[in-house]
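One-letter residues, chain by chain:
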Amino acid sequence: MDTLPTELILRVLSFLPLQSLRNVRLLARRWNAFVVENEFTIYHHAALLHNFVDSIDTLLPEAREARSLQFLHDVPDWYQYCRKYFQLQRNWAGQGRATLKTYKHLYDAHRIKVDEKLGLVITTHELGGLTVYDMATTEVLWRLGSRYVRRYAHCEYEDGFLIFDRVETSKEVWRLETEHDTAGEPSICRPDEAQMSAWRQAASDADIHFPHSAPRGRFRPWALIHSPHSSQAFRFVYPDLLVCGSRQAAVWDVRTGRRTFEVDMVQGDQEQPIGGINYVELNPTHVFICSNSALRVFSRTTKQMVLRIRSYQLVYSDVRLAVQLDPALTRAGVAKPTDLVSLPAAPTQTTILYNASYAEFSSVHVSRDGMDLAAQMSDSRLIVIHDFMRIVRNEVALEAAALELGKNIPRRSGIDEPFSIYLALDHGRCCAVTTSGIYLAILDPTRHRLVDPERAARGVNPNRISRAAIAAGLSFPNVLIGCFPHWSDPNELAKMTCIQMTETKMFFVWDSMYDPGRPRDAGDAGGRGAGAGWGAVPGPGAGEDVHVNAGDEAGAVADEQPVAGPSTGTTAVAATARTPWHPQDFEDENEWEADANEDDQSEQSDDDDDDDDDDDAEPPAAARELVRRTRGPIVFCIDFSPK
């Protein structure tokens, strides 16, 4: 060490990950002293090596500002920045601690949207209305009433724009008051008087009930977009709003209210039978349509279909990972709400577990950079593809590029086939919910060096995938999979209506009886989990501890509410009790609308026996308040932020 120039030692250390730097400091006091003396340079390079910054020229204040994460706001140096950011990655892999909190102003949460930068949580409600919470304190900041926002409304949010649907085909666009620019308001698709009246009423109510929040978390009408055709699903990725019907899809720029894209025949030729639209997605260059028959990808430049993956197939990939459940099963009944258990996986060639008769694409998501695609099958399988454009360009076959995972081996006898419920994709993590559990996949753990990329490049693979398959172009061979054993009640899983992820948190809708701050009622006993896809982890049964602590006021147990998740969840909960004034079951996890003018309703709405007039009718006030003040779905948040 004494004979080597300092610059050369620093150059060598710049190639070491954080785990190795820790070992270097433990070698001897002299090495520890050297690292401490050159801490700024060494850990600045470590931040680049772990992809915590994009460039070595990034300054620490710029790095803190770019991430907008609370736990990074006060880090004094690059060492603390790397230590905390790497611990966040470890927490998501189940190698650290997490905390739990709830948002429960009302007990009928439906959809969730989150802005981690501004610290906002937005929910719509089963019984109507929209609520904005403070992410940190869980306090209500602003509300739109249940007489204005329809029951089971779907909402989208990004970059200060909030979008939700009316019972008709229109989409309301609201914008944060703190970002609202009157001079920049669109000249077309102007808000109508109903929006302006609702805004004035909401502002008046907020001044009375939430005066401390003004103007944070408050929205103002921006536009009212009318779709020329009946819509079955919509998706917003700033600045584009995609609205899709059974035959046509269109995209609007919400900043101007102008339509920028339209395509016909989203389900194929006119001669082909029309199926239901399960989910839609978009990025700057493509539109993705999940229907009963196929997943189709359309170019926004040429308006032509560039990729079609058919439904009802037994095999989509040359490599299929079977998930082993023993680690989760051993934690059943003792796992805490925040426990994330790692599950080993290994390739399998068997298809005996699959039932292609109902394996349609239920949802699809694309990464923020527009390259990676994750598609969920209705039979609980998950298909992930890195750089899907490789397939479009015919550089690699679908079967060679796709990785298929989701089934466990061996299948437990006497267990019903599971169904997919929800899918989320963000920050390189994919969360899949089925009727057997909540599963988390870190698609590329080498990016932040949870898995050593050098060893992976040499063929040392955690999932024992062959080097030949990797060389052929397989996506995400080093994927890490885990599950949350505590959240395994199949009845509650089947009723889950939303799950969202940010860089540090996971939000989902679940029954309030699982709230650790709620005293256990005598009748609160969760069901016992069952399932086969991604495994089956028993949930708490009668008399078992559900990790509920005394603290909040207890409410009487109300009847279970109707599910409002995707179409695949309906079969699993067909016997769920409903009160006569409940609206239709909007089964798609992306969005379903009640359409009074559509005669040929899709098969996703088969359980809707109510007239359109009934959907507009307000439920009895006493019944509505009873449900909202007692047990029901609320928003849970698992926070993986390092402490």
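Residues numbered from 1 in each chain as written. Predicted model: local features only at pLDDT ≥ 70, side-chain atom pairs only at ≥ 80, totals over all residues. Heavy atoms only, no water.

For the protein, the count of helices and strands is 15 helices and 31 strands. Burial analysis of the protein (643 residues in total) assigns 60% to the buried set. Considering only contacts within the protein whose residues lie at least 6 apart along the sequence, 64% involve residues at least 24 apart. Looking at the protein as shown, the accessible area adds up to about 25800 Å², and 49% of this sits on carbon and sulfur atoms. (Helix = DSSP H or I, 4+ residues; strand = E, 2+ residues; numbered from the N terminus. Buried < 20%, exposed > 50% of the residue type's maximum accessible area, 1.4 Å probe, protein only. Contact = heavy atoms within 4.5 Å. Areas by Shrake-Rupley, 256 points an atom, 1.4 Å probe, with all protein chains shown as cover.)

For the rest of this paragraph, the subject is helix α7 (residues 193–209). Taking 1.5 Å as the rise per residue, α7 with 17 residues should run 24 Å; its terminal C-alpha atoms sit 24 Å apart, in good agreement. Within α7, the full set of buried residues consists of Gln-195, Met-196, Ala-198, Trp-199, Ala-202 and Ala-206. Projection of α7 onto a plane perpendicular to its axis shows the buried side chains occupying an angular sector of 160 degrees, all on one side. Exposed and facing more than 90 degrees away from the buried side of α7 are Glu-193 and Ile-208. (Expected span 1.5 Å × (residues − 1). Arc of directions from axis to C-beta.)

Right, let's talk about unusual backbone geometry for a bit. Between Ala-214 and the following residue, Pro-215, the backbone shows a cis peptide bond with an omega angle of -10 degrees. With an omega dihedral of 0 degrees, the bond running from Tyr-238 to Pro-239 counts as a cis peptide bond. Topologically, Pro-239 is positioned in the loop between β10 (233–237) and β11 (240–244). The residue Tyr-152 is not glycine, and still its phi comes out positive at about 55 degrees. Structurally, the position occupied by Tyr-152 is in the loop between β5 (140–144) and β6 (155–158). Of note in this structure, Tyr-312 is not a glycine but carries a positive phi near 60 degrees. Summarising the element assignment, Tyr-312 is placed in the loop between β17 (305–310) and β18 (319–323). Judged by relative accessible area, which is 37%, Tyr-312 ranks as partly exposed.

Counting 87 residues, the largest nonpolar core has Tyr-81, Ile-438, Ile-499 and Met-506 as its most contacted members. Setting aside chain neighbours within four positions, we find Ile-438 in contact with Cys-431, Ala-432, Val-433, Gly-482, Cys-483, Phe-484, Trp-487, Leu-493, Met-496, Ile-499, Met-506 and Trp-510. Counting residues in hydrophobic clusters, the runner-up holds 27 residues, among them Leu-325, Val-384, Ala-469 and Phe-476. (Core = buried A, V, L, I, M, F, W, Y, C linked by side-chain atoms within 4.5 Å.)

Attention now moves to the pattern of salt bridges. Side chains that carry opposite charge are capable of pairing whenever their charged atoms lie near each other. A full pass over the atoms with the stated rule returns 25 salt bridges. Between Arg-218 and Asp-207 there is a salt bridge, with the nearest N and O atoms lying 2.9 Å from each other. Of this pair, Arg-218 sits in the loop between α7 and β9 (219–226) while Asp-207 sits in helix α7, and the two are 11 residues apart along the sequence. Classification of Arg-218 as buried rests on a relative accessible area of 5%. Of the residues examined, Asp-207 reaches a relative accessible area of 46% and is grouped as partly exposed. Glu-262 is paired through a salt bridge with Arg-259; the nearest N and O atoms lie 3.4 Å apart. On the basis of relative accessibility, which here comes to 30%, the residue Glu-262 falls in the partly exposed class. (Salt bridge = Lys/Arg side-chain N within 4 Å of Asp/Glu carboxyl O.)

Before going further, it helps to spend a moment on the environment of Ile-188. Along the chain, the position of Ile-188 falls in the loop between β8 (170–176) and α7. By relative accessible area, which is 31% here, Ile-188 ends up partly exposed. Discounting residues that sit within four places of it in the chain, Ile-188 has contacts with Thr-256, Gly-257 and Arg-258.

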